[in-house]
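# Coordinates in review
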Amino acid sequence: GVDFNNICLIANLIQKIGLTGNKTVLDIGGDSGHMAFLMSRLWPDSNITVLDKYSHIGKEWANEINEKRVGFKDGQLSDLKEIEGCKYDLILISRVFNNHEDLNFPIHPNAFDTASYLESQEGKNMMKMLRDIGMAVKNHLADDGHLVIIDGWLSFHVLLIAKAFEQVGLFVDIERFDPEEVSLRYGRIAFSTSKPD
């Protein structure tokens, strides 16, 4: 069905990440572990943790298929207490931003100009929430780590996230960003703590 097609699209984007070596991976909002189980096959030397409010489902599934390379913790993007003090080489956030209850991205960005939106109370609230998310995630990113967000995007949404994240020291990773992947279907945006030249 549609969800299987979406999972395949996301899996293709994950395969393009190209992680090598013994790395730590955090999948925020990873649900029952579909993508984490794929990542454990792509990167067999990596340690993968799924953070989701329904982690018990993933734990049960991992036991059923005898998958020991993927761990599960309770939590979600707005609550990272379970991973306090942990650092990850790769943090993946897939299909979370457009489903986050507090993030209401503008649906019709052509109805206003960017500057007006950013000056509006709605725009200020959105930017604060995005900065808070960016800072919380950055606190769990290893020094040379990467944050990869996969979701359905309007280019305006990418602009908002990039602008807010830049303010907390997360920069679009130009080497891992392909503007043609920005789409309402699923696209990938990568960030790192390294400022582009």
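Here is what the cut-offs are and how they apply
Starting afresh in each chain, residues are numbered from 1 along the sequence in its written order. pLDDT decides what is reported in this predicted model: residues at 70 or higher carry local features, side-chain atom pairs at 80 or more are listed and counted, and totals for whole chains, interfaces and linings draw on all residues regardless. Only hydrogens and water are set aside; all other atoms, that is, all heavy atoms of the structure, feed into the side-chain values. Strands are runs of DSSP state E lasting at least two residues, helices are runs of H or I lasting at least four, and both sets are numbered from the N terminus onward. Atoms counted for the radius of gyration: C-alpha only. Globule rule: 2.2 Å times residue count to the power 0.38. Buried residues are those whose accessible area, probed at 1.4 Å on protein chains only, stays under 20% of the maximum for their type, while exposed residues exceed 50% and partly exposed ones sit between those limits. Residue contacts are defined here by distance: any two heavy atoms, one from each residue, within 4.5 Å place the two residues in contact. To be clear on the numbers: accessible area is Shrake-Rupley with a 1.4 Å probe, and residue cover counts the displayed protein chains and nothing else. Asp and Glu are treated as the negative residues and Lys and Arg as the positive ones, with His and the ends of the chain left uncounted. Note that the charge is assigned to NZ on lysines, CZ on arginines, CG on aspartates and CD on glutamates. In this scheme Phe, Tyr and Trp rings, the latter by its six-membered ring, pair at centre separations within 6.5 Å, and the angle between planes marks the pair as stacked below 30 degrees, edge-to-face above 60, and tilted otherwise. The pairing criterion is simple: DSSP has to find at least two bridges between the two strands. Orientation is described by axes fitted as lines to C-alpha atoms, over the contacting stretch for helices, and by angles from 0 to 180 degrees between their N-to-C directions. The path from the first strand over the helix to the second decides the hand: if it runs clockwise while the strands point away from the viewer, the crossover is right-handed. In predicted models, pLDDT denotes the confidence assigned by the predictor to each residue on a 0 to 100 scale. Note that the term roughly parallel is reserved for angles under 35 degrees, roughly antiparallel for angles over 145, roughly perpendicular for angles of 65 to 115, and oblique for everything else. Put simply, a crossing is left-handed when the front helix is turned counterclockwise from the back one by less than a right angle, and right-handed when it is turned clockwise. Note on residue categories: nonpolar means Ala, Val, Leu, Ile, Met, Phe, Trp, Tyr, Cys or Pro, charged means Asp, Glu, Lys or Arg, and polar means any other residue, Gly included.

### Structural notes on the overall build of the chain
- The helix and strand tally for the chain stands at 6 helices and 7 strands.
- Listing the helices and strands of the chain from first to last along the sequence gives α-β-α-β-α-β-β-α-α-β-α-β-β.
- Over its C-alpha trace the chain gives a radius of gyration of 16 Å, about what one expects of a compact globule, namely 16 Å for 197 residues.
- Taking the principal axes of the C-alpha coordinates as reference, the chain spans close to 55 × 40 × 30 Å.
- Of all 197 residues assigned to the chain, the portion counted as buried reaches 48%.
- Look at the contacts in the chain between residues 6 or more apart in sequence, and 70% of them connect residues 24 or more apart.
- Carbon and sulfur atoms make up 48% of the accessible area of the chain, which totals about 10,400 Å².
- Charge separation in the chain, taken as the distance between the mean sites of 20 positive and 29 negative side-chain charges, equals 2 Å.

### Some words on the packing of aromatic side chains
- According to the stated counting rule, one finds 5 aromatic pairs in the structure shown.
- Geometrically, the ring pair formed by Phe37 and Phe72 is edge-to-face, given 6.2 Å between the ring centres and 65° between the ring planes. Remark: Phe72 occurs in strand S3 (residues 70-74) and Phe37 occurs in helix H2 (residues 34-42); sequence separation between them is 35 residues.
- Plain terms: the ring middles of Tyr117 and Phe156 are 5.5 Å apart, the flat faces sit at 75° to each other, and that makes the pair edge-to-face. Residue Tyr117 is found in helix H4 (residues 114-119), and its partner Phe156 is found in helix H6 (residues 155-166); the two are separated by 39 residues along the sequence.
- For Tyr117, a relative accessible area of 4% corresponds to the buried category.
- Each member of the aromatic cluster is reached from another via a ring pair, and the members are Phe37, Trp61 and Phe72.

### Digging into the sheet that holds strand S5 (residues 141-151)
- Strands sit in the order S3-S2-S1-S4-S5-S7-S6 across an open sheet of 7 strands; the sheet is mixed. Two strands close off the open sheet at either side, each with one partner strand: S3 and strand S6 (171-172).
- Pairing between S5 and strand S7 (residues 187-192): 6 bridges, direction antiparallel. Considered in S7, the bridge of Ile149 is made with Ile189.
- Here helix H3 (residues 55-64) sits on the sheet in contact with strand S2 (47-52) and S3, set at roughly 160° to S3.
- Relative to S7, H6 is tilted by about 10°, and along the sheet it contacts S5, S6 and S7.

### Describing the pairing of S2
- Here S2 lies mainly inside the structure; 5 of its 6 residues are buried.
- In this structure, S2 lies alongside S3, joined through 5 bridges in parallel fashion. Bridge assignment links Ile48 to a residue of S3, and that residue is Val70.
- In this view, the connection linking S2 to its parallel neighbour S3 by way of H3 has right-handed handedness.

### Description of the confidence of the model for the chain
- Across the chain, the average pLDDT comes to 86, with 94% of residues at 70 or higher.
- The lowest-confidence element of the chain is helix H1 (residues 2-15), averaging 76 in pLDDT; the highest-confidence one is strand S1 (residues 24-28), averaging 95.

### Section: the side chain of Ser192
- With respect to the secondary-structure elements, Ser192 resides in strand S7.
- Since its relative accessible area comes to 7%, Ser192 is described here as buried.
- With residues up to four places along the chain from it excluded, the contact list for Ser192 reads Gly145, His146, Gly169, Leu170, Phe171 and Asp173.

### A word on the packing of helix H5 (residues 121-138) against H6
- Running from N to C, H5 and H6 cross one another at 60°; their axes reach a closest spacing of 8 Å. Here H5 lies oblique to H6, going by the angle between them. For the pair H5 and H6, the crossing hand works out as right-handed. Taking contact as the criterion, the partners of Met126, Met127, Leu130, Arg131, Ile133 and Gly134 in H5 are, on H6, Leu160, Ile161, Lys163, Ala164 and Phe165.
- Looking at the contact of H5 with H6, its residues break down into 8 nonpolar, 1 polar and 2 charged.

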